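Single-letter residue listing:
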Amino acid sequence: MAASGKLSTFRLPPLPSIREIIKLFRLQAAKQLSQNFLLDLRLTDKIVRKAGSLTDAYVYEVGPGPGGITRSILNASVAELLVVEKDTRFIPGLQMLSDAAPGKLRIVHGDVLTFKVEKAFPEHLKRPWEDDPPNVHIIGNLPFSVSTPLIIKWLESMSCRDGPFVYGRTQMTLTFQKEVAERLAATTGSKQRSRLSIMAQYLCNVRHIFTIPGRAFVPKPEVDVGVVHFTPLIHPKIEQPFKLVEKVVQNVFQFRRKYCHRGLGMLFPEAQRLESTGRLLELADVDPTLRPRQLSIPQFKSLCDVYRRMCDEDPHLFAYNFREELKQRKSEKKEQEDDGESHRL
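Residues numbered from 1 in each chain as written. Predicted model: local features only at pLDDT ≥ 70, side-chain atom pairs only at ≥ 80, totals over all residues. Heavy atoms only, no water.

**Comments concerning the UniProt feature "binding site: S-adenosyl-L-methionine" (unreviewed entry) in the protein chain**
The condition is simple: UniProt positions are given in the numbering used here, feature names are shortened, and annotations may be inferred rather than shown by experiment. Helix and strand assignments come from DSSP, with helices taken as H or I runs of at least 4 residues and strands as E runs of at least 2, each series counted from the N terminus. Contacts were defined at the residue level, with two residues in contact if any of their heavy atoms lie within 4.5 Å. Three exposure classes are used, based on accessible area relative to the maximum for each residue type with a 1.4 Å probe and protein chains only: buried under 20%, partly exposed in between, and exposed over 50%. Nitrogen and oxygen atoms within 3.5 Å of one another constitute a polar contact, given that in protein one can donate a hydrogen and the other can accept it, and given that sequence-neighbouring residues count only through two side-chain atoms.
UniProt annotation of "binding site: S-adenosyl-L-methionine" (unreviewed entry) refers to Asn36, Leu38, Gly63, Glu85, Asp111 and Asn141 when read in the numbering used here. Its place among the elements puts Gly63 in the loop between β2 (58-62) and α3 (68-74). For Gly63, the residues in contact, after removing those within four places along its chain, are Val84, Glu85, Val112 and Asn141. Positionally, Asp111 belongs in the loop between β4 (105-109) and β5 (136-140). Exposure remark for Asp111: the relative accessible area of 22% places this residue in the partly exposed category. Once residues lying within four places of it in the same chain are set aside, the contact partners of Asp111 are Val84 and Lys86. A polar contact of 2.9 Å, which involves the side chain of Asp111, links it to the backbone nitrogen of Leu113.

**Things to note about a positive patch on the surface**
Put simply, the test is: The residues that make up patches have over 30% relative accessible area and no salt bridge, and they are joined within 9 Å when like-charged or within 5 Å when they are Val, Leu, Ile, Met, Phe, Trp or Tyr. The method behind every accessible area is Shrake-Rupley, applied with a 1.4 Å probe, and residues are considered shielded solely by the protein chains displayed. Put simply, a salt bridge is a Lys or Arg side-chain nitrogen that is within 4 Å of an Asp or Glu carboxyl oxygen. Positive charge is attributed to Lys and Arg, negative charge to Asp and Glu, and no charge count is given to His or to the chain ends. Think of each charge as sitting on NZ of Lys, CZ of Arg, CG of Asp or CD of Glu.
Together, Lys191, Arg256, Arg257, Lys258, Arg262, Arg291 and Arg293 make up a region of like positive charge exposed at the surface. Relative to the helices and strands, Arg256 is located in the loop between α8 (242-253) and α9 (260-264). Residue classification places Arg256 among the partly exposed residues on the basis of a relative accessible area of 35%.

**Concerning the side chain of Thr277**
Residue placement: Thr277 occurs in helix α10 (residues 273-284). Using a relative accessible area of 7% as the deciding quantity, one classes Thr277 as buried. In terms of polar contacts, Thr277 uses its side chain to reach the backbone carbonyl oxygen of Arg273, at 2.6 Å. Among residues more than four places away in sequence, those in contact with Thr277 are His261, Leu264, Gly265 and Phe268.

**Notes on the nonpolar core**
The condition is simple: By nonpolar core we mean a set of buried residues, namely Ala, Val, Leu, Ile, Met, Phe, Trp, Tyr and Cys, connected to one another through side-chain atoms within 4.5 Å. Residue ranges for the domains originate in an automatic or database domain assignment.
Core analysis: the biggest nonpolar cluster contains 65 residues, and Tyr60, Phe121, Leu155, Leu174, Phe176 and Phe230 have the highest contact counts within it. Each of domain 1 (18-232) and domain 2 (242-328) accounts for three or more of the residues forming this core. With residues near it in sequence (within four places) discarded, Leu174 still touches Val62, Ile138, Ile139, Gly140, Leu142, Ile151, Trp154, Gly226, Val227, Val228 and Phe230. Core analysis: the second largest hydrophobic core is formed by 34 residues, Ile47, Ala100, Ile212 and Phe217 among them.

**Details of the pattern of salt bridges**
Summed over all chains, the structure comprises 13 salt bridges. In this structure, the salt-bridge partner of Glu123 is Lys126, at a minimum N-O distance of 3.2 Å. Close ionic contact of Lys301 with Asp305 constitutes a salt bridge, the shortest N to O distance being 2.7 Å. Of the two residues, Lys301 and Asp305 both sit in helix α11 (residues 297-313), 4 residues apart, roughly one turn of that helix. Put simply, Glu156, Lys243 and Glu246 are held in one network by salt bridges that share partners.

**Examining the sheet that holds strand β9 (residues 225-232)**
The condition is simple: Here, strands pair whenever DSSP counts at least two bridges between them. What counts as an axis is a line fitted to C-alpha atoms, over the stretch in contact for a helix, and the angles between N-to-C directions run from 0 to 180 degrees.
In spatial order, the strands read β4-β3-β2-β5-β6-β9-β7; together these 7 strands make up an open sheet with mixed pairing. Pairing within the sheet leaves two strands with one partner each, and these edge strands are β4 and β7 (204-212). Direction aside, neighbouring strands of the sheet carry axes that sit 20 degrees apart on average. Helix α2 (residues 41-50) contacts β5, β6 (171-177), β7 and β9 of the sheet and is inclined by roughly 165 degrees relative to β7. Along the sheet face, helix α4 (residues 91-100) touches β3 (80-85) and β4 and points at about 165 degrees away from the line of β4.

In C-alpha cells form, the structure reads like this:
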C-alpha cells in the first residue's frame, strides 16, 4: 500500500501473477464467449496510459476477466474502478484485487449490454457537454462477440447523451479485432471504410492508437487486436436522430461494391424508388456513381438531411423496410401460384 496514503501514490501490493490467478482458480477462456486473456502487464499498462491521465478518475471497466487491465487501472491512481463481469468464474480473482485495494474496486456481476452505468458514479462528476470531458473513463478488452453491438449501443447513447454520457463527453479506450479497429478509424476512400466508420466518426474523434499481436493473448486468437480511443465531439457532424443516420448508412453500405444509388434506392418503396432516389441524390448534391466508401461524412450529412425532409413530407416513409416489401411480394406470389394450382385441380 502507499506509504503516504495519498491517492496519487497508490500501488497494489505484491500479488500472484495473472497466469498464476488463472491456474489458481482453474480459469479457461470460453471459446463460445470469444474470450482471450491478456497476460503481459506491460501491454495492459500501455492500454491504460493511452486512455490519458486517470489520476483521481472514476473508471468503468468492461469485461475485466482475470484482471490484467484491472491491475493497471488500479495502479494509475484512480479514485474508483467499477468492473462489470458476466462470467462468475472471474469474480473470486477480482475479489482478491478488491481486498488488495480497499475502497477502490467495485465489482458488479452483470452484463455490460444491459448494465445501467448512468447511476454508477457520483453526480458531481457531471460536466456540460460543451466542457472538457469529465473525469470518467470507459476501458475494456472486449470479447469479440460483443464488441460491435456494444459500440453501436454506446454510440446511440452518445447521440442521446444518456448511459455513460450523462456525465458529459466520456472517453472510451477499447479493444477490437484489428479489422474492426481499422474500420472504425477508416478514412474516406479506404478499403476498410464501412458502416462503422461513419457511425463512429460522425459522433467521435476516433483513433486506432496501436495494435497488439494475437500471440500476446491466451488463447491466441486468429487475428491481431486493435486498441481504439474515442472522444465524443461537442457537435456531431450529422445532426439527425441516430436511428435515421443508421438507416441511411446501413442502406448505402449493404451494396458496398455497387454505386451508392443502389443502396439508397432501398430507402424507398419500389413504386417510387427511381424518382425518389434521383430526388434525394440531386437535392443532397451527391454523385450517384460514387461507391459507398468514397462518400465523405459531409456527403452523408447532406443525404441524411434531405432524407429527413422527405420523411417529414411523407410520415410513412421512415417506417418503410424494403425487406418487408420483398417478403410480402413473395408471399403474394406464392398465394397466386397456390390459387392457380387449385383452379387447375
